[in-house]
Amino acid sequence: MTSTFLPSADKQPGPGVDRPAPSADAGRGRARRRVLHWLTAVGFQVPALVLFLVLVLLPMLFALYAAFFRWGGFGMPSDYIGADNFTRLFEDPVFLGDLWRCLLLVVLSLAVQLPFALAMAVLLNQRLRGRAVYRMLFFAPYVLSEAITGVLFGMIFAPDDGLADQILGGIGLDGLGGEWFADPSTVMATLFLVMTWKYFGFHMMLYLAGLQSIPRELTEAALIDGANAWQRFRSVTLPLLAPTLRISVFLSVIGAIQLFDLVWVTTAGGPDHHSETMAVTLFQYGFKRYQVGYASAISVAMFGISLVFALAYQRFVLRRDLEGATTTMRGGVK
């Protein structure tokens with residue numbers, strides 16, 4: 001026997017009976033809740049917005065303002081010179097050299113540092129004994145501060161009595177040693193070696209995270225189909241790792257544009273500006289020569305280069321990743 005539940009007439013009004021209108025108190029309660037939610041959201045956002053305004057936005061606007069003055073950093077800028085500081089940028093051989101060295105570091109990072117980090121990530125993604133220890137050892141240099149790294153390699157590459165020269169002398173390769181950071185012909189190569197040691201572990205961990213998110217079923221299916229190791233990497237692993245690679249490239253380029261700490265501690269831009277970067281030149285003019293107006297112009301140029309690259313990279317390279325994320329968020333979780 002089945003029973004059918006029939007709602008009672010006193011709870012369900014008939015079609016001809018009007019439902020009671022919402023009371024004014026209920027409407028005011030909903031309005032109060034909306035205002036409370038809005039105030040709560042604003043309360044959480046205001047501290048971050050104030051910090052961003054005071055520590056980021058206002059200094060940026062003041063640097064742009066000071067770039068139009070000849071100013072030594074004391075008092076308020078008063079000697080207006082228009083765009084002369086920006087014109088000077090394109091006539092300054094040091095700044096033009098900074099642009100060239102920045103481009104060199106970007107090319108070397110993309111051609112050497114990132115492929116090396118990817119190769120180590122692929123290797124450590126295999127089932128190797130002690131791979132957790134290797135991961136920790138390779139990532140450890142990134143945890144060290146740039147100051148400690150600079151001091152450490154300053155001692156390693158010290159002329160004559162440094163560890164690098166002693167090792168080369170011990171194996172009979174004395175001629176390869178020399179003034180690593182003091183020779184204009186070797187300073188950039190030595191500096192890039194230090195950069196690779198310092199930062200490749202970070203990119204390696206990014207790649208490892210991306211590799212571990214790739215389903216093993218796909219590579220196993222390719223293996224069953226007869227694909228060799230290179231074919232599996234090229235046709236399965238690399239395409240699925242592409243979003244991680246794009247983020248890694250972006251971080252590497254932005255880091256090369258803004259590089260300062262490691263260069264300042266190891267070489268301070270020497271010898272004779274041969275290892276100087278835009279950030280080091282900015283520091284030299286702003287805090288050593290007290291030409292803060294010109295240093296502000298350099299900072300604006302650095303910001304402009306970073307902004308143009310970021311917007312172009314997002315528009316032409318990250319577009320597919322961003323569209324996928326937006327579509328997923330709008331469509332909801334399936």
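Rules and cut-offs
- Residues numbered from 1 in each chain as written.
- Predicted model: local features only at pLDDT ≥ 70, side-chain atom pairs only at ≥ 80, totals over all residues.
- Heavy atoms only, no water.
- Phe/Tyr/Trp six-rings, centres within 6.5 Å; stacked < 30°, edge-to-face > 60°.
- Helix = DSSP H or I, 4+ residues; strand = E, 2+ residues; numbered from the N terminus.
- Lys NZ or Arg CZ within 6 Å of the ring centre and 35° of its normal.
- Buried < 20%, exposed > 50% of the residue type's maximum accessible area, 1.4 Å probe, protein only.
- Patch = residues over 30% accessible without salt bridge, like charges linked within 9 Å, V, L, I, M, F, W, Y side chains within 5 Å.
- Areas by Shrake-Rupley, 256 points an atom, 1.4 Å probe, with all protein chains shown as cover.
- Salt bridge = Lys/Arg side-chain N within 4 Å of Asp/Glu carboxyl O.
- Lys, Arg positive; Asp, Glu negative; His and termini not counted.
- Charge placed at Lys NZ, Arg CZ, Asp CG, Glu CD.
- Core = buried A, V, L, I, M, F, W, Y, C linked by side-chain atoms within 4.5 Å.
- Contact = heavy atoms within 4.5 Å.
- Axes fitted to C-alpha atoms, helices over the stretch in contact; angles between N-to-C directions.
- Parallel < 35°, antiparallel > 145°, perpendicular 65-115°, else oblique.
- Left-handed = near helix turned anticlockwise from the far one by under 90°.
- Nonpolar A, V, L, I, M, F, W, Y, C, P; charged D, E, K, R; others polar.
- Polar contact = N/O pair within 3.5 Å; in protein donor to acceptor, adjacent residues only side chain to side chain.

In this section: the packing of aromatic side chains. Tallied over the full model, the rule gives 24 aromatic pairs. Between Phe250 and Phe309, the aromatic rings sit 5.8 Å apart at their centres with planes inclined by 10 degrees, giving stacked as the arrangement. Separated by 59 residues along the polypeptide, Phe250 in helix H9 (residues 229–257) and Phe309 in helix H12 (residues 292–316) bring together distant segments of the chain. By way of ring pairs, the aromatic residues Phe62, Tyr65, Phe69, Trp71 and Tyr80 are connected into one cluster. The side chain of Arg88 reaches across the aromatic face of Tyr294, ending 3.8 Å from its centre. Residue placement shows Arg315 over the ring face of Phe316; its charged tip is 5.4 Å from the ring centre.

If a residue is not glycine, its phi is most likely negative; likewise, a peptide bond is most likely trans. A cis geometry characterises the amide bond from Gly270 onward to Pro271, with omega recorded as -5 degrees. Note on placement: Pro271 falls in the loop between helix H10 (261–266) and helix H11 (278–288). In this structure, Asp272 takes a positive phi of about 55 degrees despite not being glycine. Considering the arrangement of structural elements, one finds Asp272 in the loop between H10 and H11. Although it is not a glycine, Tyr290 sits at a positive phi angle of roughly 55 degrees. By the secondary structure assignment, Tyr290 is in the loop between H11 and H12. You can call Tyr290 partly exposed: its relative accessible area is 47%.

Right, let's get into a positive patch on the surface. Judged by side-chain charge, Arg30, Arg32, Arg33 and Arg34 come together as a positively charged surface patch. Here Arg32 lies in helix H1 (residues 24–66). Under the relative-accessibility criterion, Arg32 is labelled exposed at 56%.

A few words now on the nonpolar core. Membership of the largest hydrophobic core comes to 37 residues, with the highest contact counts inside it found for Leu89, Phe95, Leu105, Phe157 and Leu259. The element best represented in this core is helix H7 (residues 187–212), accounting for seven residues. Leave out the neighbours within four places in its chain, and Phe95 touches Leu89, Met278, Tyr294, Ile298 and Ala301. Among the nonpolar cores identified, the runner-up in size contains 15 residues, and Leu124, Met204, Leu211 and Leu241 belong to it.

On to the packing of H7 against H9. Across the interface, H7 lies against H9 with an axial gap of 9 Å and an inter-helix angle of 155 degrees. Judged by the inter-axis angle, H7 sits roughly antiparallel to H9. Along this stretch, H7 crosses H9, giving a crossing that reads as right-handed. Residues Phe202, His203, Leu206, Tyr207, Gly210 and Leu211 of H7 lie in contact with H9, whose contacting residues are Thr237, Leu241, Thr244, Leu245, Ser248, Leu251 and Ser252. Tallied by class, residues from the contact of H7 with H9 come to seven nonpolar, six polar and no charged.

Inspection of the secondary structure assignment puts Pro77 in the loop between H1 and helix H2 (84–89). Relative accessible area serves as the criterion here: at 8%, Pro77 is assigned to the buried category. Apart from the residues lying within four places of it in its own chain, the contact partners of Pro77 are Phe62, Tyr65, Phe69 and Trp71.

Before going further, it helps to examine the side chain of Asn85. Along the chain, Asn85 turns up in helix H2. Under the relative-accessibility criterion, Asn85 is labelled buried at 6%. At a separation of 2.8 Å, a polar atom in the side chain of Asn85 contacts the main-chain carbonyl oxygen of Ala67. Excluding its chain neighbours within four sequence positions, the residues that come into contact with Asn85 are Ala66, Ala67, Phe68, Phe69, Gly293, Tyr294 and Ala297.

Following the sequence through the fold, Leu118 ends up in helix H3 (residues 93–124). With a relative accessible area of 14%, Leu118 lands in the buried category. In sequence terms Leu118 and Leu211 are 93 residues apart; their C-alpha atoms lie 9.9 Å from each other. Residue contacts for Leu118: discarding those within four places in its chain leaves Tyr207, Phe233, Leu238, Leu241 and Leu245.

The next thing to look at is the side chain of Asp165. Structurally, Asp165 can be placed in helix H6 (residues 163–170). Although Asp165 lies buried, it forms no salt bridge, and the closest oppositely charged side chain, Arg101, sits 23 Å away as judged by the N-O distance. When near neighbours in sequence (up to four residues on either side) are disregarded, Asp165 contacts Ala158, Pro159, Asp160, Gly177, Gly178 and Trp180.

Turning our attention to the packing of H11 against H12. In contact at an axis separation of 8 Å, H11 and H12 are set at 160 degrees when each is read in the N-to-C sense. Comparing their axes, H12 and H11 come out roughly antiparallel. Of the two elements, H11 crosses H12, and the hand of that crossing is left-handed. Where H11 abuts H12, its residues Met278, Ala279, Thr281, Leu282, Tyr285 and Gly286 lie against Val292, Tyr294, Ala295, Ile298, Ser299, Met302 and Ile305.

So yeah, pure geometry; function would need other evidence.
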